[in-house]
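Commentary on secondary and tertiary structure
Take a look at the letters that make up each chain.
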Amino acid sequence: MALVTRVTDLIGRTPLFELAVTDTGTRLLLKLEQFNPTGAAKIRMARSMVLDAERRGLLRVGGHIIESTSGNTGLGLAVVAAERGYRFTAVVDNHACKDKLRAMRAMGTDLVFVAEGDDDELATSAREDLAEAMAAARDDAYFTEQHNNDANAVGYYAVAEELLAEVERVDILLSAVGTGGSLFGTATRLRDLGRPARVIGVEPVGSIAFGGEGGPYWQSGTGTPPGASIGTAVDYALLDEGVKVSDVDAFATARAVARTHGLLIGGSAGGSVHNALARLEEFPAGSTVVTIVCDGGEKYLDTVFDDEWMRARDLLDPATEADVTTLLRRFSPLRRQDELMEV
């Protein structure tokens, strides 16, 4: 590994993990973005947005970055701000993972809450309104506005390049959609490189990006809750299919992956993996299906992986976990290797 002088030099080159393979040779690969600094994909776009703002003269020396965040974008911006000498204020709510908030504070971030006490409802719209107002009131401030920042998607172009360095092609790109940057930035770059993929976006039940009735949900850092604006990076022209996954299915999948493989993935990634596993045999034979795992499960030990937290919110479903476990074992690449050796 190369010697580096900045934490952001460690971004990228994250591993691919083969989670499942069918009898017809269709395989599900996970792009494990938790191996980035901060344990998440969003540091890619945090760096991209700050560098873009510097190029356009929107951030000056000693300036002040302000962003509304559920956690991972804030962690990425905290790193970039610390490296480049900026003050950073994160506008947050109590829906955010507590460890993400603690980590931002540890890196010098000022946290401003839009809700008090034990109110753990998702407050995306209120957060964004406050962040915008705070930035407008300060001459030295820049609101990165991740949901409507073109540099967001550009930050993920490297994901496509990294994928094509490892596999000949990506037939199906199936991943969670929050701001839209990771899925559509990757898809845009695959198309520009002459290797377009079928694009399937996944959002929580209750999110409104793909239509339907909006409502509350617990999957963190993904989806578009009612009242929030759909990110400009959500490129419907690139989208072949939009699907919704419930919190129960998403979290049961994350928990099943942990217990069968010793791999901790975040709840939103659990939603993508659930949809991919359920339909893996329906895809054309020999397909390469890729899911971008935007963060790891270590940040959700007190939520998704905590039985009491799950039970209190009516999210614990052992039967669904058992069903997912059956699929994981059935499609296990290791099992198929053993079968081939026995022949």
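Worth saying up front: this structure is predicted, and the values here are computed from it rather than measured.

1. Looking at unusual backbone geometry
Phi at Arg13 is positive, roughly 55°, even though this residue is not glycine. Assignment of secondary structure puts Arg13 in the segment before β1 (16–21). Arg13 sits in the exposed class, given a relative accessible area of 62%. Backbone geometry places Thr38, a non-glycine residue, at a positive phi of 75°. Relative to the elements of secondary structure, Thr38 occurs in the loop between β2 (27–32) and α1 (43–55).

2. Observations regarding the nonpolar core
If you look at the biggest cluster of nonpolar residues, it comprises 37 residues, and the most contacted ones within it are Leu28, Leu30, Leu174, Ile265, Val273 and Leu277. Looking at this core element by element, the count peaks at 7 residues for helix α8 (residues 247–261). Setting aside anything within four residues of it in sequence, one finds Leu277 in contact with Ala20, Leu28, Val324, Leu327, Leu328 and Phe331. Counting residues in each nonpolar core, the second largest holds 28 residues, with Leu163, Val167, Phe184 and Val199 among its members.

3. Here we look at the packing of aromatic side chains
Applying the stated criterion across every chain yields a total of 1 aromatic pair. Taking the centre distance of 5.4 Å and the plane angle of 80° together, the rings of Trp218 and Trp309 count as edge-to-face. In this pair, Trp218 sits in the loop between β8 (198–204) and β9 (241–245) while Trp309 sits in helix α10 (residues 307–312), placing the two residues 91 residues apart along the sequence. The buried category is assigned to Trp309, whose relative accessible area is 14%. Lying across the ring of Trp218, Arg313 places its NZ or CZ 5.0 Å from the centre.

4. Thoughts on the sheet that holds β1
Across a sheet, strands are paired by hydrogen bonds formed along the backbone, either parallel or antiparallel in direction. One open sheet accounts for 6 strands, arranged β1-β2-β10-β7-β8-β9; its pairing is mixed. Here the strands that pair on one side only, and so sit at the sheet edges, are β1 and β9. Going across the sheet, the axis of each strand differs from the next one's by a mean of 25°, ignoring polarity. Two elements, β2 and strand β10 (residues 288–293), share 6 bridges in a ladder whose sense is parallel. Bridge pairing links Leu30 to Thr291 in β10. In the packing of helix α6 (residues 157–166) onto the sheet, the strands contacted are β1, β2 and β10, and the crossing angle to β2 comes to about 130°.

5. Looking at the pairing of strand β3 (residues 64–68)
The buried fraction of β3 is high, at 5 of 5 residues. Neither face of β3 is open: one carries His64, Ile66 and Ser68, the other Ile65 and Glu67, and all of them are buried. Of the strand pairs in this sheet, β3 and strand β4 (residues 87–92) are connected by 5 bridges, and their pairing is parallel. If you follow Ile66 over to β4, its bridge partner there is Thr89. Running through helix α2 (residues 72–84), the crossover from β3 to the neighbouring parallel element β4 is right-handed. Across 3 bridges, the pairing between β3 and strand β6 (residues 141–143) is parallel.

Cut-offs used in this document
- Residues numbered from 1 in each chain as written.
- Predicted model: local features only at pLDDT ≥ 70, side-chain atom pairs only at ≥ 80, totals over all residues.
- Heavy atoms only, no water.
- Helix = DSSP H or I, 4+ residues; strand = E, 2+ residues; numbered from the N terminus.
- Buried < 20%, exposed > 50% of the residue type's maximum accessible area, 1.4 Å probe, protein only.
- Core = buried A, V, L, I, M, F, W, Y, C linked by side-chain atoms within 4.5 Å.
- Contact = heavy atoms within 4.5 Å.
- Phe/Tyr/Trp six-rings, centres within 6.5 Å; stacked < 30°, edge-to-face > 60°.
- Lys NZ or Arg CZ within 6 Å of the ring centre and 35° of its normal.
- Pairing = 2+ DSSP bridges.
- Axes fitted to C-alpha atoms, helices over the stretch in contact; angles between N-to-C directions.
- Right-handed = clockwise from strand over helix to strand, strands pointing away.

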